[in-house]
Each structure stands twice: as C-alpha cells, then as structure tokens.
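Descriptive structure summary
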Amino acid sequence: NFINEANISPRNTKDKILLKIWQESLKVGNISINDNYNYLGGNSLKSIHIIHKIRQAGYDVSPRDLFCYPTIAELSDNMQPLNNTSKQGHKGNIEKLLLPSQLWFLDKQINLYNQWNQSALFELKKEIPLDSLKNALYFLINKHPNFSLRFKKVNKNFVQSFDECKQELKLLSYDLNHIANHDSFIKSIIIKIEKSLNLESGPVISCAYFYSDQKQYLFITMHHLITDGISWQIALNDLDHYFSRNEKSLHISNDTNNYFSYLAKFYEYTNSENLKTEYEYWKKLLKKSLAIHQAKKTDTKDRENNAGYFSNFLNKEETKILLKKSASNLGASVNEILIALLVQQYCKYHNISEIQIDLEDNGRDILEQKSDVYNLIGWFANIFPVIFAMKETNISEFIQYVKKKLTEIPNKGAGFGIYKYIKHDKLLKNFPQSAILFNFLGELDLENSLLKLKEFNLENFYDQNSSLTYDLEIHAFILQKKLCFHYKYNKNIYSTEQIKEYCNMQIDAIKKIQI
C-alpha cells in the first residue's frame, strides 16, 4: 500500500459500501478509508463507473463530490440518500438541444457527415450463439436513447429528433472457415459497414459477426455524434451484464428520460449566473492566445487523407509503477503527470517557451445539480484550450504548476464550448484553433469481459476529404494493463521520424520519474 501506512477499517455501513466499490473498481485490495482516490489509481473514467455503483446502492453522489471528498471517510460523511423523485426530461422539445461537442462537429466543413465513426473489433473469449448475440445487441440499442437519435439539416442548421420506433439491428454474419486471409477479408467487410451509417434516417450503429471453427469476432461501429470513449466502456459493460445474468430475467430499462433530463438541465446551466462568471477567464485566455501566435495554420492540403498514425506503450510493470507509486509520490493524477511531461518535452523539442493545447474532459460532471448520466451513451465531452509556460524547474515542481493551472480552469472547461457553439459569442468564435490535442481516456480494460479488443489496424473512419482539426493529436489510455500512446499527426507538418523521436522522449521521461 503506497498510500497510507495505517490501514483504518470501515466505521459504518456507508464506509463498507464504498470500500467494496473502490476495491472492485480500482482493483486494489488493501485500502484504508483515509486513502486518496487519485493516488490509488482513480481517474475520471473510473469515477463514472464508481458513481453509478454508488447510486445503485442508494446514495446521491457526483464526480464533483469524489473530487472534493477523495477519501472513503470524507465521501461517506458527505453523501446523502438518493432521491428518486427528481423531475424527468421530455422528448418533445429536443430539436435544438445539441451539446457543444456535437455542435463543434456539425459546424465543421464536411462533405460526408455520415462518415465520422468510432469502431472496434473484438474477439469473443468463448463461443456465443448467434441468436444470443443478436438479443444482447437488441437489449443494448433499445436501452440507450442516443441510438434512436436522428439528425438533419434545416435552414443551414442541424436539428435532432427521436425515432419512437423500437430499434432493430441487422447483425450481419460471415463464415471465415474457407477464407484464406482473415484480416484482409474482415477489413474489406468493415469498410462497407462503416459506410452504412446514416444520421438522417439511421442506423447510427452497425455490427458484424465473423466466425470460424477456431475464433469468433464482433465488429461494432457507432457514429461519433452519439458516442465517446466512456460510452464505449458503458456499452461493453452492458453487454457483459447481459451475458452474466439470466437473459430471460432482464428487462430493457430505457434511459431516455435521464438523457433528456440532462439536456434540459444543461441548457438551464447555459443561462445561469455561474456561467457568466466564467466568461472573464476565457476573455483573458483569448488575449494570451493571440499574443503567443500558436494557432493552427489553415492549409487546403491538411485533409484527413494526409494524416499519419503512430503508437507506443509502457510495459505492464512500468505502467503499474506510474499508476500507483509515481502518482502517489508526486501528489498528482496520471492525467496531470502526462500533461506536464507532454508540455515539458514538446517545449524542449521545439525550443519554445509557451504552448497552447486543447484538452478533452469527459463532460459528465459539470452540472452543480446531480444528473444521472453516469451510465448513458452519448457525446458529452468538453474540448477547451489551455496555455502553459515552460519553466526551468524539476519535474516534481513542474507537475504541481500544471496541476494548479488545471484547477484554475472554471468548471472543467465547459463554458468555452457553451460560449463558442451555443451562445455564438463573437470573441470566442474567433479563438485561435490549437494545433495540439491531448486526451487521456483512462483505463479501457474490461475485467472478466467476454470481449477482448483484437490488435487490428482500425483507424477512426472519417471523411477523408474533411480538414484536419489538429496538427497533432495524442490519445493516451491503459489497455491490457499497459499505458498506450496513439499519435495522429499532419504529415505536412511532422515526419514519421519526428513523431517517433518525440514519442520516445515521452516514454523516457515517464521512466525517469519512476526511478
């Protein structure tokens, strides 16, 4: 136990409930009620699942509470019984209730809006009858309202509607037994399936089943407009839940009211006094951004078909040290450590004193009112700019500087997207576009899952003629107990050798802080 030498036992029932949930979710056995959630390897992704489990146990807690009360003792003392009589949302007036991330996408100059998907291919760990797989997917798509959303352009603006019909999913199946090259065949089928999504008429999710005498695979693609990284975790957990329970005893509990209730509360927040207090922060940041002249330069050649990709990872032992010992000793979360190393290494590599980057937050915990979106599929993410200065100091002090800068951002950056895309603020509408995006997705491993992510070269399926938003995207996540880095870069700006060199610098810097 790297956190607290005195292992203090639970004091009451609430402590015991939280201890069990933390042990299951964080995969740590020896936890004291005074151990800090962040130093135990907790992150924003895990907090979503933990909050959902706490609410299932009958207590009203938000991720913001977990941030303010990061120990079991503190959280237990401050959480209250769940009130199940909260006001429900309505489906009738949702046409213009789009979230900032969705408006960002729909504001892009894209010819093929239907081709902007997130996809994954999974290997089934044990044989599942085709009918059972079909029933599980039917259960999934009728549980989550976003699979029933449709989008169309009306007078130059997009509006959304809700398809009231029960959603059907045609699961295509392919026999691989007589196919010589499985990977090549699967990839050819996947390209066709990716093109089948349609925002206006549906579907916005499609699946395929591949099987042979030795192995089975499940391919899932969803349009990015209705999903994000956390949503994938939720979808896969729902499928696991379906197969781990008696299928006949499960009833579809549609989460439509929760989703539209969240939209109503979110739009109430866009007109709140609290949001108005955030505006000065973004105005000052705009002035700073214009002064450092680091905006992404627009080039007609910067298209999706000119993107390059590169991946690297820490091994399991190095990742374990980072998650537990390094985070504890440095007094920071893994996300804060990775951002600090990114800023430091990038500034050194390019010999610059300041850097503007976009960060992505899960966006599910920005409302002061508790809203039950912790188990919903949707694109809730916030994307917002941050400016860091390079400082000649040791890494421990620099991490604390980055941590302080992040805490100064009001409400995890939610106001930026609201002012730019919902309120169409003239100043923020012209905020210089960051050239770099960093996103830490957290831990993507599924314990005891029937699905294993296949190591297969599947990039996001985007309209290849659309413009590249960033010159460099860095997506970090933990998969199969290894910290992975996935780089997407503009080949007009960076060479493959430069990206490899920079990535290796990042990996070396992480290893050094573990010594």
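Here the structure is a predicted model, which means the values were calculated and not measured.

Now for the overall build of the protein chain. Broken down by element type, the protein chain carries 16 helices and 16 strands. Here the protein chain holds 515 residues, and the buried ones make up 56% of them. For the protein chain, the share of sequence-separated contacts (at least 6 apart) that also reach a separation of at least 24 residues comes to 79%. Total accessible area on the protein chain stands at roughly 23,700 Å², and carbon and sulfur atoms take up 48% of it.

Turning next to the environment of Ser 212. When you line up the elements, Ser 212 lands in the loop between strand S7 (205-211) and strand S8 (216-223). Looking at Ser 212, the relative accessible area reads 13%, which means it is buried. Between the alpha carbons of Ser 212 and Asp 175 there is a distance of 6.0 Å; along the sequence they are 37 residues apart. When sequence neighbours within four positions are dropped, the list of residues in contact with Ser 212 reads Leu 176, Asn 177 and His 182.

The strand order S9-S16-S15-S12-S10-S11 describes an open sheet built from six strands, whose pairing is mixed. Both outer strands of the open sheet, strand S9 (307-313) and strand S11 (382-389), are each paired with one neighbouring strand and no more. Adjacent strand axes in the sheet meet at a mean angle of 20° when their direction is disregarded. As defined by bridge partners, strand S10 (residues 354-361) adjoins strand S12 (residues 436-443) across two bridges and the pair is classed as parallel. If you follow Asp 358 over to S12, its bridge partner there is Leu 437.

End to end, helix H13 (residues 395-408) covers 20 Å across 14 residues, agreeing with the expected 20 Å (1.5 Å per residue, within 8%). Residues of H13 that are buried: Phe 398, Ile 399, Tyr 401, Val 402 and Leu 406. The arc enclosing the buried residues of H13, seen along the axis, measures out at 155°, which places them on a common side. Of the residues in H13, the exposed ones pointing more than 90 degrees away from the buried face are Lys 404 and Thr 407. The inward-facing, buried residues of H13 contact helix H11 (316-330), helix H12 (334-350), S10 and S11. If you check the start of H13, you find a side-chain oxygen 3.1 Å away from the backbone N of Ser 396, and it comes from Asn 394.

For the structure shown, the criterion picks out 24 aromatic pairs. Each ring, one from Tyr 174 and one from Phe 185, has its centre 6.1 Å from the other, and the planes form 70°; the classification is edge-to-face. In this pair, Tyr 174 is assigned in strand S6 (residues 172-175) and Phe 185 in helix H7 (residues 182-194), connecting sequence segments eleven residues apart. What makes Phe 185 partly exposed here is its relative accessible area of 22%.

Core analysis: the biggest nonpolar cluster contains 148 residues, and Trp 22, Phe 105 and Phe 388 have the highest contact counts within it. Residue contributions to this core peak at ten residues, all from H12. With residues near it in sequence (within four places) discarded, Phe 388 still touches Ile 339, Val 343, Ser 353, Glu 354, Ile 355, Ile 357, Tyr 401, Val 402, Lys 405 and Leu 406. With ten residues, the next largest nonpolar core counts Ile 189, Ile 193, Ala 208 and Tyr 217 among its residues.

Analysis parameters
Residues numbered from 1 in each chain as written. Predicted model: local features only at pLDDT ≥ 70, side-chain atom pairs only at ≥ 80, totals over all residues. Heavy atoms only, no water. Helix = DSSP H or I, 4+ residues; strand = E, 2+ residues; numbered from the N terminus. Buried < 20%, exposed > 50% of the residue type's maximum accessible area, 1.4 Å probe, protein only. Contact = heavy atoms within 4.5 Å. Areas by Shrake-Rupley, 256 points an atom, 1.4 Å probe, with all protein chains shown as cover. Pairing = 2+ DSSP bridges. Axes fitted to C-alpha atoms, helices over the stretch in contact; angles between N-to-C directions. Expected span 1.5 Å × (residues − 1). Arc of directions from axis to C-beta. Polar contact = N/O pair within 3.5 Å; in protein donor to acceptor, adjacent residues only side chain to side chain. Phe/Tyr/Trp six-rings, centres within 6.5 Å; stacked < 30°, edge-to-face > 60°. Core = buried A, V, L, I, M, F, W, Y, C linked by side-chain atoms within 4.5 Å.

It is worth stressing that arrangement in space is one thing and function is another; only the former is reported here.
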